[in-house]
Amino acid sequence: MTDVWEPTVVEDRETAVAEAAARLADAARDRRPCAPVRDLLGARDISLAYAVQQRVIGDRIAAGARVVGRKIGLTSASVQRQVGVDRPDFGVLLDDMDVTGLPAVPSERLLQPRVEAEIAFVLAADLDEDDLDAERVRAAVGHAVAALEIVDSRVTDWDIAITDTVADNASSGLFVLGPRPVGLDGFEPRDVTMRLYADGELASEGDGAACLGDPLEALLWLARTAREFGDPLRAGQVVLSGALGPLVPTPPGTTVRAEMTGLGTVTATFSPKEQEG
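In this text, all values refer to a predicted model and were calculated from it rather than measured experimentally. (Residues numbered from 1 in each chain as written. Predicted model: local features only at pLDDT ≥ 70, side-chain atom pairs only at ≥ 80, totals over all residues. Heavy atoms only, no water.)

Engineer: Even after reading the chapter, I still don't get the overall build of the protein chain, so can you show me in this structure?
Structural biologist: Secondary structure assignment for the protein chain yields 7 helices and 11 strands. Over its C-alpha trace the protein chain gives a radius of gyration of 18 Å, about what one expects of a compact globule, namely 19 Å for 277 residues. Taking the principal axes of its C-alpha atoms as reference, the protein chain extends roughly 55 × 50 × 40 Å. With 277 residues in all, the protein chain has 51% of them scored as buried. (Helix = DSSP H or I, 4+ residues; strand = E, 2+ residues; numbered from the N terminus. Rg over C-alpha atoms; globule rule 2.2 N^0.38 Å. Buried < 20%, exposed > 50% of the residue type's maximum accessible area, 1.4 Å probe, protein only.)

Engineer: Teacher, can you tell me more about the pairing of strand S4 (residues 141–151) here?
Structural biologist: Of all 11 residues that make up S4, 9 are buried, and the element is covered over most of its length. Two elements, strand S3 (residues 114–123) and S4, share 10 bridges in a ladder whose sense is antiparallel. Bridging across to S4, Val115 finds its partner in Ile150. Relative to strand S5 (residues 174–177), S4 runs antiparallel, the two being bridged by 4 bridges. Bridge pairing in S5 places Ala147 opposite Leu177. (Pairing = 2+ DSSP bridges.)

Engineer: Before we go on, may I ask you to explain the pairing of strand S7 (residues 201–207) in this structure?
Structural biologist: When strand S6 (residues 193–198) meets S7, the two strands line up antiparallel, connected through 6 bridges. If you follow Thr193 over to S7, its bridge partner there is Asp207. Counted between consecutive antiparallel strands, the loop separating S6 from S7 contains 2 residues, among which Asp199 sits at a positive phi close to 50°.

Engineer: Can you help me understand helix H3 (residues 46–62) in this one?
Structural biologist: Residues spaced three or four apart along an α-helix face the same direction, because each turn holds 3.6 residues. An ideal rise of 1.5 Å per residue puts 24 Å on 17 residues; H3 measures up with 24 Å between its terminal C-alpha atoms. Within the span of H3, buried status applies to Ile46, Leu48, Ala49, Tyr50, Val52, Gln53, Val56 and Ile57. Looking at the buried residues of H3, the elements they touch are helix H1 (13–30), helix H2 (38–41), strand S2 (89–94) and helix H6 (162–167). In the segment just after H3, Gly64 is the residue with positive phi, at about 120°. (Expected span 1.5 Å × (residues − 1). Contact = heavy atoms within 4.5 Å.)

Engineer: What's the story with the sheet that holds strand S11 (residues 264–269) in this structure? I'm lost.
Structural biologist: Within a sheet, neighbouring strands are paired by backbone hydrogen bonds and run either parallel or antiparallel to one another. As summarised here, the arrangement of the 4 strands in space is S7-S6-S10-S11, forming an open sheet in which the pairing is antiparallel. Each end of this open sheet is capped by a strand with a single partner; those strands are S7 and S11. The sheet shows a mean angle of 15° between the axes of neighbouring strands, direction not considered. (Axes fitted to C-alpha atoms, helices over the stretch in contact; angles between N-to-C directions.)

Engineer: Would you mind going over the packing of aromatic side chains with me for this structure?
Structural biologist: Describing an aromatic ring pair means giving the distance of the ring centres and the angle of the ring planes. This structure, assessed with the given rule, holds 3 aromatic pairs. When the ring of Tyr50 is compared with that of Phe90, the centres are 4.8 Å apart and the planes differ by 20°; the resulting orientation is stacked. Residue Tyr50 is found in helix H3, and its partner Phe90 is found in strand S2; the two are separated by 40 residues along the sequence. Like Tyr50, the residue Phe90 is buried in the burial classification. Relative to Phe229, the ring of Phe90 lies with its centre 5.3 Å away and its plane at 85°, an arrangement referred to as edge-to-face. Of this pair, Phe90 sits in strand S2 while Phe229 sits in the loop between helix H7 (215–228) and strand S8 (238–243), and the two are 139 residues apart along the sequence. The rings of Tyr50, Phe90 and Phe229 are connected pair by pair, giving a single aromatic cluster. (Phe/Tyr/Trp six-rings, centres within 6.5 Å; stacked < 30°, edge-to-face > 60°.)

Engineer: Even after reading the chapter, I still don't get the packing of H1 against H3, so can you show me in this structure?
Structural biologist: Each packed pair of helices is defined by two parameters, the angle between the axes and the distance between the axes. At a minimum axis distance of 9 Å, the contact between H1 and H3 shows a crossing angle of 55°. When the axes of H1 and H3 are compared, the pair comes out oblique. Crossing angle aside, the handedness with which H1 passes H3 is right-handed. Contacts from Arg13, Glu14, Ala16, Val17, Ala18, Ala20, Ala21 and Leu24 of H1 reach H3 at Ser47, Leu48, Ala51, Val52, Arg55 and Val56. (Parallel < 35°, antiparallel > 145°, perpendicular 65-115°, else oblique. Left-handed = near helix turned anticlockwise from the far one by under 90°.)

Worth remembering: the numbers are spatial, not functional.
As structure tokens, then:
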């Protein structure tokens, strides 16, 4: 199989990056999904897609947003097969994506939201060494919490290939962190079991092994990859480590609750309707 991480032939890469970033930014601003960007980037050029992601995030930072962490996507083998890759991807978490303290998740900020339950790691140390390994990564974790990642796509009908989702900040939306911080001496991430309820009905379930075999392995992958990109993970940052079970659609008015062994419960209610504006 062709290595989808190899560059494809795009004659004017700078123009392709600018046009793709503008398309995604317009969709986010106007709250209207757009056509996929793979027509500009090709379906396999991951380096070009990350250049778009960096452009989009850079523009948001210039407008006042602040980086608070990262998210890991495509940690499920079945999802990897669906988009034709054999490894995860990542996106950037900004401060305005954290809706933990809000009384309701603002549905008006979302286009096509879905929720997944995850383990979030909060780092107590930088991960910028050359010889990162499982032991170093584990030691860098200050604590973990149950989390809900509200993924979203600026691309119409979630019609995404790998370059579409990477360019679109790994289909990031918002996130909610649970109230109970637990150190790694209090639980083992790969042994966590999860049940996610939507409006009281069981909608998704899974376990830590669904996330690259172990959420700490996902964190190690991200730490190495972020360092290679020249932007290593830093103390205080939050890392959403990947889904423990299938995605669940969350239209306005939905209440979701995830229960995770060892980490407790995290709950979110989506605002009942989109606000006029």
